[in-house]
Amino acid sequence: MSLRLNLYGCHIATVLEAVGSQSAAVLQSARGHLGETISTTRGEDALKTATAWLTTLVQSGCPLASDRPQPSVSSDGGLLATHMETEVHVLALHSLIISLREDGWRDFSGESSMWHAGALGSLQRELRACGFTKSAECPPEFHQGMQRLIHGTPLFGDDFRSDWSFYSLLPGNMLPGFCETLQAAMQYEDSVPDYVPAEVRSTMTLRLSDNARRFVTEFTNWLQQISDAGEDAYILYS
């Protein structure tokens with residue numbers, strides 16, 4: 001069993017409005033989804049803890065990681081203290097997001113889950129190997145987007161400490177440029193000086209592999225539809 005990529009459209013602002021809203025309807029709906037999300041294999045304790053966190057999110061709220069000072073080592077040199085999101089926190093938030101999907105947010109989880117979560121990491125390695133990431137066609141914002149997608153973007157924690165699930169969010173204002181760069185990567189092919197021997201040239205990575213190109217084609221299509229709908233991109237890796 002491997003980690004899968006589950007892509008959705010959402011409105012991050014709508015999700016944040018539900019946090020601390022004390023809405024009984026939202027909480028009830030999200031609890032229903034949570035019971036479906038957390039399988040019996042994870043145990044009753046996991047469901048109980050996730051339900052408690054979900055209740056805290058809706059009833060009391062929680063400060064965003066972006067609103068807290070960045071973790072730093074104390075003056076006595078002690079260990080760094082951070083807030084970590086575990087799998088139960090991830091699945092509780094996922095249930096909240098899914099419960100807010102009444103306004104027709106895009107759902108590509110069925111198609112996208114055909115890809116392993118590692119597809120993005122593999123793509124990044126190929127983009128580096130063929131030289132695209134150092135080319136003029138690859139803006140700094142693209143690197144930021146890839147980091148968000150590959151390593152996750154916890155809303156409340158400083159990082160993830162999860163044995164399995166985590167999530168990423170890519171704001172809608174980043175999607176057009178990100179899709180444009182992915183499309184440029186599809187056309188990119190590195191040049192090789194004439195003096196490089198043919199036997200060396202044949203071992204070099206000059207462009208994306210066929211498998212990476214298939215992934216980019218599908219992934220860009222989904223992201224473009226999310227962007228056209230005016231939504232943010234949300235990925236649950238699970």
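Residues numbered from 1 in each chain as written. Predicted model: local features only at pLDDT ≥ 70, side-chain atom pairs only at ≥ 80, totals over all residues. Heavy atoms only, no water.

With that out of the way, let us pick up the overall build of the protein chain. For the protein chain, the count of helices and strands is 10 helices and 5 strands. Projected onto its principal axes, the C-alpha positions of the protein chain cover 70 × 50 × 35 Å. Taken over 238 residues, the protein chain has a buried fraction of 45%. Within the protein chain, contacts between residues separated by at least 24 positions form 81% of all contacts whose residues are at least 6 apart in sequence. When the accessible surface of the protein chain is summed, it comes to about 12,500 Å², and 50% of that surface belongs to carbon and sulfur atoms. Side-chain charges in the protein chain split into 16 positive and 28 negative, and the spacing between the mean points of these groups amounts to 4 Å. (Helix = DSSP H or I, 4+ residues; strand = E, 2+ residues; numbered from the N terminus. Buried < 20%, exposed > 50% of the residue type's maximum accessible area, 1.4 Å probe, protein only. Contact = heavy atoms within 4.5 Å. Areas by Shrake-Rupley, 256 points an atom, 1.4 Å probe, with all protein chains shown as cover. Lys, Arg positive; Asp, Glu negative; His and termini not counted. Charge placed at Lys NZ, Arg CZ, Asp CG, Glu CD.)

Note on soluble globular proteins: their nonpolar side chains tend to be buried together. Counting residues in each nonpolar core, the largest one holds 73 residues, and the members touching the most others are Leu7, Leu96, Leu123, Phe178, Phe219 and Tyr237. Here this core gets 8 residues from one element, more than from any other, and that element is helix 4 (residues 87–99). (Core = buried A, V, L, I, M, F, W, Y, C linked by side-chain atoms within 4.5 Å.)

What follows covers the pairing of strand 5 (residues 232–237). Among the 6 residues of strand 5, 6 are classified as buried, and the element is accordingly described as predominantly covered. Here strand 5 shows no split at all, with Asp232, Tyr234 and Leu236 on one side and Ala233, Ile235 and Tyr237 on the other all buried. Strand direction decides the pairing type here: strand 1 (residues 5–10) and strand 5, joined by 6 bridges, are antiparallel. By the bridge assignment, Leu7 is partnered in strand 5 with Ile235. Bridge analysis of strand 4 (residues 166–170) against strand 5 gives 5 bridges, and the strand direction is antiparallel. Bridge assignment links Leu169 to a residue of strand 5, and that residue is Tyr234. (Pairing = 2+ DSSP bridges.)

Bringing the packing of helix 7 (residues 140–151) against helix 8 (residues 175–187) into the picture now. Contact pair helix 7 / helix 8: the axes reach a minimum separation of 10 Å and the direction vectors enclose 100°. As far as their axial angle goes, helix 8 and helix 7 are roughly perpendicular. Here helix 7 contributes Phe142, Gly145, Met146 and Leu149 to the contact with helix 8, which in turn contributes Phe178, Thr181 and Leu182. (Axes fitted to C-alpha atoms, helices over the stretch in contact; angles between N-to-C directions. Parallel < 35°, antiparallel > 145°, perpendicular 65-115°, else oblique.)

Glancing now at the layout of surface pockets. Approximately 160 Å³ is the volume found for the largest pocket. Around the largest pocket sit Leu16, Leu64, Ala65, Ser66, Gln70, Pro71, Pro154, Leu155, Gly157 and Asp158, which together line it. Of the residues contributing to the lining of the largest pocket, the split by class is 6 nonpolar, 3 polar and 1 charged. (1 Å grid on protein atoms, 1.4 Å probe; cavity = no way out; pocket = protein on both sides within 12 Å on 5 of 7 lines; lining within 4 Å. Points joined across faces, edges and corners; volume = space filled by probe spheres on them. Nonpolar A, V, L, I, M, F, W, Y, C, P; charged D, E, K, R; others polar.)

Two aromatic rings are characterised by how far apart their centres lie and by the angle between their planes. This model, assessed by the stated rule, comprises 12 aromatic pairs. Ring centres of Trp115 and Phe215 lie 5.0 Å apart, and the angle between their planes is 70°; this geometry places the pair in the edge-to-face category. Taken together, the positions of Trp115 in the loop between helix 5 (109–112) and helix 6 (119–129) and Phe215 in helix 10 (residues 210–228) put the pair 100 residues apart, joining distant regions of the chain. Of the two residues, Trp115 and Phe215, neither departs from the other in class, the shared state being buried. Taken together, the aromatic side chains of Tyr8, Phe160, Phe166, Tyr167, Tyr234 and Tyr237 make up a single cluster linked through ring pairs. (Phe/Tyr/Trp six-rings, centres within 6.5 Å; stacked < 30°, edge-to-face > 60°.)

Once that is clear, we can look at the sheet that holds strand 4. In space, the 3 strands of this open sheet follow the order 1-5-4, with antiparallel pairing throughout. Of all the strands in the sheet, just strand 1 and strand 4 have a single pairing partner and so form its edges. Neighbour-to-neighbour, the strand axes of the sheet open up by a mean angle of 20°, direction not taken into account. Packing against the sheet, helix 7 makes contact with strand 4 and strand 5, and its axis sits at approximately 155° to strand 4. Sitting on the sheet, helix 10 touches strand 1 and strand 5, and the angle it makes with strand 1 is about 20°.

This part covers helix 2 (residues 24–37). Two residues of an α-helix separated by three or four positions point the same way, owing to the 3.6 residues in each turn. With 14 residues, helix 2 should reach 20 Å at 1.5 Å per residue; the first-to-last C-alpha distance of 20 Å fits that figure. Listed in full, the buried residues belonging to helix 2 are Val26, Leu27, Ala30 and Leu34. Axial view of helix 2: buried residues confined to an arc of 90°, hence all on one face. Residues of helix 2 that are exposed and angled more than 90 degrees away from the buried face: Ala24, Ala25, Gln28 and Glu36. On its buried face, helix 2 sits against helix 1 (12–18), helix 3 (44–59) and helix 4. (Expected span 1.5 Å × (residues − 1). Arc of directions from axis to C-beta.)

Read these as layout, nothing more, since geometry by itself doesn't imply function.
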